[in-house]
Amino acid sequence: MLTYRRNQDYRSHVALWGDTVAKRPENPRAHDGLAEAFTELGRVAEALRHRQEAVRLEPNESKYHYNLGMTLSAANQT
């Protein structure tokens, strides 16, 4: 039963990363992953919020800044 329930978390990238963020809100990688999942779906505003949170949580990680910049660029194109 536990395996079945966990498999529900894997039904989409948003579900997987959303579950991870819910369980570990202090995890910048989880926020970045959720942002990527939202970006893939064209949900740029939601992606932007999680990119910003990843930068806030780990401001010295350059990849989070880069990803935030890419999302900001995408937001200006929509």
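All values reported here derive from a predicted model rather than from experimental measurement.

Quick notes on the rules
- Residues numbered from 1 in each chain as written.
- Predicted model: local features only at pLDDT ≥ 70, side-chain atom pairs only at ≥ 80, totals over all residues.
- Heavy atoms only, no water.
- Helix = DSSP H or I, 4+ residues; strand = E, 2+ residues; numbered from the N terminus.
- Buried < 20%, exposed > 50% of the residue type's maximum accessible area, 1.4 Å probe, protein only.
- Contact = heavy atoms within 4.5 Å.
- Expected span 1.5 Å × (residues − 1).
- Polar contact = N/O pair within 3.5 Å; in protein donor to acceptor, adjacent residues only side chain to side chain.

**Q** How should I be thinking about the side chain of H50 in this particular structure?
**A** With respect to the element layout, H50 can be found in helix α4 (residues 44-57). On the basis of relative accessibility, which here comes to 7%, the residue H50 falls in the buried class. Excluding its chain neighbours within four sequence positions, the residues that come into contact with H50 are V21, H31, L34, A35 and F38.

**Q** Teacher, can you tell me more about helix α3 (residues 28-40) here?
**A** Since the α-helix turns once every 3.6 residues, residues separated by three or four places project in the same direction. Relative to the 18 Å expected for 13 residues at 1.5 Å per residue, α3 spans 18 Å between its end C-alpha atoms, a close match to the ideal helical length. Along α3, the residues classified as buried are P28, A30, H31, D32, G33, L34, A35, A37 and F38. Residues of α3 that are buried in the fold lie against α2 (13-23), α4 and α5 (62-77). Measuring from the side-chain oxygen of the N-cap residue of α3 to the backbone nitrogen of R29 gives 2.9 Å; that N-cap residue is N27. In the segment just after α3, G42 is the residue with positive phi, at about 80°.

**Q** What is the right way to look at the environment of A30 in this model?
**A** For A30, the position within the fold is in helix α3. Placed 20 residues apart in sequence, A30 and H50 show a C-alpha to C-alpha distance of 8.8 Å.

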